[in-house]
Amino acid sequence: LHIKADEGNPEEMFSLEEVEFDRDSTLMFSGSSDIQKQDATFEGVLKKVWAARPSDVVETFANRIEAIQTSEEAEQKRWLKKLQTQKDSLSQNLDRVRKRPSEDGEGERRSVRRRELHVRRPRPEVEEMVLEAFGKEEYYTIRQLVRITDQPQEYLRGILRDMCDLHREGEHIHQYSLKSVYGKVA
């Protein structure tokens, strides 16, 4: 005898087998119904005993579920490993970029300098450094002067407003030149 799960599914879910037992046994059942709140008792003589076991289809279904779960776990582990490899690769590339020397050979020194804070020096000392720089070149950008004087950009801009002209057009756009009041520094 076979019990089917439902009419639409032809696969057998349970199989029933007759079990041997002592023919003189009696059955007594006592229980209550939650719906009616009443107790019931049944007595009777056993004629046959059946054992219900899951069929092979149920075990196969359980095996399929387990296989799917393990394959999903394996896929997640593969993705995590791939992401970790990409992360390691990116961090190695970043380390290479940080350590790469620049064209002027000051790569390592420049990156260390960038991390340091620019400390304001007294104004006369900064003015002297600016005059000394303009003795070598006639035009400088603000970045070049910040690098030469090692001063904060806004502080240096205030000093340059008094000492230099900022070219807003022409060949030397966005560059500073010494005001004519200071003359040509040699």
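Attention here is on the structure that accompanies the text. (Residues numbered from 1 in each chain as written. Predicted model: local features only at pLDDT ≥ 70, side-chain atom pairs only at ≥ 80, totals over all residues. Heavy atoms only, no water.)

**Topic: the overall build of the chain**
Okay, step 1: The number of helices and strands found in the chain is five helices and seven strands.
Okay, step 2: Listed by position from the N terminus, the elements making up the chain come as β-β-β-β-β-α-α-α-α-α-β-β.
Okay, step 3: Sorting the 186 residues of the chain into buried and exposed places 15% on the buried side.
Okay, step 4: When contacts within the chain are restricted to residue pairs at least 6 apart in sequence, long-range pairs at least 24 apart make up 50% of them. (Helix = DSSP H or I, 4+ residues; strand = E, 2+ residues; numbered from the N terminus. Buried < 20%, exposed > 50% of the residue type's maximum accessible area, 1.4 Å probe, protein only. Contact = heavy atoms within 4.5 Å.)

**Considerations on the packing of aromatic side chains**
Okay, step 1: Tallied over the entire structure, the rule returns one aromatic pair.
Okay, step 2: Here the aromatic rings of phenylalanine 134 and tyrosine 140 are separated by 5.3 Å at their centres, their planes lie at 85°, and the arrangement is edge-to-face. Take phenylalanine 134 and tyrosine 140: they sit in the same class, and that class is buried. (Phe/Tyr/Trp six-rings, centres within 6.5 Å; stacked < 30°, edge-to-face > 60°.)

**Re the nonpolar core**
Okay, step 1: Phe134, Leu145, Leu156 and Leu160 are the most contacted members of the largest nonpolar core, which has 17 residues in total.
Okay, step 2: Of all elements in the fold, only α3 (123–136), α4 (142–149), α5 (153–163) and β7 (175–178) reach the threshold of two or more residues within this core.
Okay, step 3: Beyond its immediate stretch of four places on either side in the chain, leucine 160 contacts Val130, Ile142, Leu145 and Tyr176. (Core = buried A, V, L, I, M, F, W, Y, C linked by side-chain atoms within 4.5 Å.)

**Let's talk about α4**
Okay, step 1: All buried positions along α4 are accounted for by Ile142, Leu145, Val146 and Thr149. All buried residues of α4 project into a common sector of 105° when viewed along the axis, lining one side.
Okay, step 2: In this structure, the buried residues of α4 make contact with α3, α5 and β7.
Okay, step 3: Taken from the residues just after α4, aspartate 150 is the one with a positive phi, measuring 60°. (Arc of directions from axis to C-beta.)

**Describing a nonpolar patch on the surface**
Okay, step 1: The grouping of Trp79, Leu80 and Leu83 at the surface amounts to a nonpolar patch, some 340 Å² of accessible area in total.
Okay, step 2: Its location among the elements puts leucine 83 in helix α1 (residues 56–99). (Patch = residues over 30% accessible without salt bridge, like charges linked within 9 Å, V, L, I, M, F, W, Y side chains within 5 Å. Areas by Shrake-Rupley, 256 points an atom, 1.4 Å probe, with all protein chains shown as cover. Salt bridge = Lys/Arg side-chain N within 4 Å of Asp/Glu carboxyl O.)

**Some remarks on the pattern of salt bridges**
Okay, step 1: One pass over the structure, following the stated rule, counts five salt bridges.
Okay, step 2: Ionic pairing is found between arginine 123 and aspartate 162, a salt bridge with its closest N-O pair at 2.4 Å. You can see arginine 123 sitting in helix α3 and its partner aspartate 162 sitting in helix α5, a full 39 residues away along the chain.
Okay, step 3: Judged by relative accessible area, aspartate 162 falls into the partly exposed class, the value being 44%.
Okay, step 4: In this structure, glutamate 154 and arginine 157 form a salt bridge, with 3.6 Å as the shortest nitrogen-oxygen distance. In this pair, glutamate 154 and arginine 157 both sit in helix α5, three residues apart, roughly one turn of the helix.
Okay, step 5: Classification of arginine 157 as partly exposed rests on a relative accessible area of 25%.

**Thoughts on the environment of tyrosine 182**
Okay, step 1: For tyrosine 182, the location among the structural elements is in the segment after β7.
Okay, step 2: Once the C-alpha coordinates of tyrosine 182 and cysteine 164 are considered, the two residues, 18 residues apart in sequence, prove to be 9.1 Å apart.
Okay, step 3: If we skip the residues at most four places from it in the chain, tyrosine 182 touches Leu131, Asp162 and Met163.

**Concerning α5**
Okay, step 1: Among all positions of α5, only Tyr155, Leu156, Ile159, Leu160 and Met163 are buried. Viewed end-on, α5 has its buried residues packed into an arc of 135°, placing them on one side of the element. Turned more than 90 degrees away from the buried face of α5, the exposed residues are Glu154 and Arg161.
Okay, step 2: At its buried positions, α5 is contacted by α3, α4, β6 (164–167) and β7.

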